[in-house]
Amino acid sequence: MPTINLSGAQKNYGVNSANAVSNLDLEIRDGEFMCLLGPSGCGKTTTLRMIAGLENLSDGEIRIGERVVDSVRAGVFIPPEKREMGLVFQSYALWPHLTIERNTDFGLRLRKLPKEEREQRVEKVMQALDIAKYRDRYPSQLSGGQQQRVALARMLAVNPGVLLLDEPLSNLDARLRLEMRAELKRIHKEFKTTIVFVTHDQWEAMTLATTIAVMNEGTLQQMGTPNDIYDRPANRFVAEFVGSPPINILTFGSSASAMSRAAAAYLGERYPSSRGVGSVGIRPEAIGYATKGGDVPAGSFTGEMTVTGVLPTGGSWILELRNDNDTLFLTTNALPRVETGSRVDFFAPSDALHVFDKDGQRIAEADALLRARTLN
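My aim in this report is to walk through the structure given alongside it, one point at a time. Nothing here was measured: the structure is a model prediction, and the numbers come from that model. (Residues numbered from 1 in each chain as written. Predicted model: local features only at pLDDT ≥ 70, side-chain atom pairs only at ≥ 80, totals over all residues. Heavy atoms only, no water.)

## Brief notes about the sheet that holds strand β13 (residues 277-282)
(1) Moving on: The three strands are arranged β12-β13-β19 in an open sheet whose pairing can be described as antiparallel. A strand with exactly one partner marks an edge of an open sheet, and here the two such strands are β12 (248-251) and β19 (353-357). Pairs of neighbouring strands in the sheet enclose a mean axial angle of 25 degrees, with direction left out of account.
(2) Moving on: In this sheet, β13 lies alongside β12 in antiparallel orientation, the contact comprising four bridges. Across the sheet, Asn 248 pairs through a bridge with Ile 282, a residue of β13.
(3) Moving on: On top of the sheet, helix α10 (residues 258-270) reaches β12, β13 and β19; it is set at about 80 degrees to β12, its chief contact. (Pairing = 2+ DSSP bridges. Helix = DSSP H or I, 4+ residues; strand = E, 2+ residues; numbered from the N terminus. Axes fitted to C-alpha atoms, helices over the stretch in contact; angles between N-to-C directions. Contact = heavy atoms within 4.5 Å.)

## Considerations on the side chain of His 354
(1) Moving on: Along the chain, His 354 falls in strand β19.
(2) Moving on: The exposure class of His 354 is buried, given its relative accessible area of 8%.
(3) Moving on: Looking at His 354, its side chain comes within polar contact range of the side chain of Arg 362, at 3.1 Å.
(4) Moving on: In this view, His 354 contacts Tyr 230, Asp 231, Pro 233, Ile 247, Ser 279, Val 280, Gly 281, Arg 283 and Arg 362; residues no more than four positions away in its chain are not counted. (Buried < 20%, exposed > 50% of the residue type's maximum accessible area, 1.4 Å probe, protein only. Polar contact = N/O pair within 3.5 Å; in protein donor to acceptor, adjacent residues only side chain to side chain.)

## So, unusual backbone geometry
(1) Moving on: Following Ser 244, the chain continues to Pro 245 via a peptide bond in cis, the omega torsion being 0 degrees.
(2) Moving on: One can find Pro 245 in the loop between α9 (236-241) and β12.
(3) Moving on: Despite not being glycine, Asn 23 has its phi angle at roughly 45 degrees, a positive value.
(4) Moving on: In this structure, Asn 23 sits in strand β2 (residues 21-28).
(5) Moving on: For Asn 23, a relative accessible area of 55% corresponds to the exposed category.
(6) Moving on: Phi at Lys 112 takes a positive value of approximately 60 degrees, unusual for a residue other than glycine.
(7) Moving on: Among the structural elements, Lys 112 can be located in the loop between α3 (106-110) and α4 (115-128).

## Some details on the packing of aromatic side chains
(1) Moving on: Counted by the stated rule, this structure contains five aromatic pairs.
(2) Moving on: Between Trp 95 and Phe 106, the ring centres sit 5.4 Å apart and the planes meet at 45 degrees, which makes this aromatic pair tilted. Of this pair, Trp 95 sits in the loop between β7 (85-88) and α2 (100-104) while Phe 106 sits in helix α3, and the two are 11 residues apart along the sequence.
(3) Moving on: Owing to a relative accessible area of 26%, Phe 106 belongs among the partly exposed residues under this scheme. (Phe/Tyr/Trp six-rings, centres within 6.5 Å; stacked < 30°, edge-to-face > 60°.)

## Notes on the sheet that holds strand β11 (residues 219-224)
(1) Moving on: Here six strands make up an open sheet; going across it, the order is β7-β8-β9-β3-β10-β11 and the pairing mixed. Unpaired on one side and paired on the other, β7 and β11 mark the two borders of the sheet. Strand-to-strand twist across the sheet, computed as the mean angle between neighbouring axes with direction ignored, equals 15 degrees.
(2) Moving on: Relative to strand β9 (residues 194-199), strand β8 (residues 162-166) runs parallel, the two being bridged by five bridges. Note on β9: the bridge partner recorded for Asp 166 is Val 198.
(3) Moving on: The strands touched by helix α1 (residues 44-52) are β3 (33-37), β7, β8, β9 and β10 (211-216); relative to β8, the strand with the most contacts, the crossing angle is about 150 degrees.

Pasting the structure below:
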């Protein structure tokens, strides 16, 4: 499938309403697994529907390779059935009166494929998704995860150039979601299909995608690999949206807390241009703690706080630390050596600090400098 390009794509549902999607530039390469990630109402499903042809653009252009499929200015709109894409909705939309085999070959029958080719395709995808043994059952006789596999098989059978998935796992329980994530990874590897996956679940995006596009209020905030999104968030929104527990944010300014003032002083010693900094973020897993001040690594950002919570999560622990108006969360995989009420020194290396300006945008020049300070 050729590369899909959205250029200045915009969607508005009324004269007096805000844009559902604004000036979106997005490139989806052949064979890519892209997740559109963001909170409810951010425009991710609208973007998916515009790619599918279920929504007309209000402005901008969508190209598939060199072919324009939607452009208001050029007066071009290619209908969904001619875009060679398959769409799987949040609801499975299976035919209740048809067997699993008939549901799977439904699209092939509409295309009037010869019986022998149809049976070969159906057998291949049913075997790949482990639903061949259910071929004579009806959807009501299957679990949610099995029905989801049937919906995917129906789309894969017609061999679409692009598979569009609109939060297909949200109706499943935690274990089935985990199984289906692994299934989707395998499908992507085996069929080499371009996949565009809409989700508000950051872990789905992080574990599935080769590329993540984070959206908020109809605009693209950042696009990159899962590691890029997590390790180098482009702004505070991305930093705070991706990560669990959420990133710790210390805000500077006239009303800054004692810990924020300490962070400002620490940063000022290492980053001469720190006057334009609005906040600093620290991931919980980047923070350590010590019961004795001498155990704090030299050069770290550190401070004394009280342990106000020790929260087990199964394979790790979350520690809540407080000091006056400040609260920090840190995570550890080792059994905590402290109890609630203990005084500890937290610490974080300088290269673990995410520096944002007063508008919430990442200050890239601070990264290299703080990293160099840590290495020295």
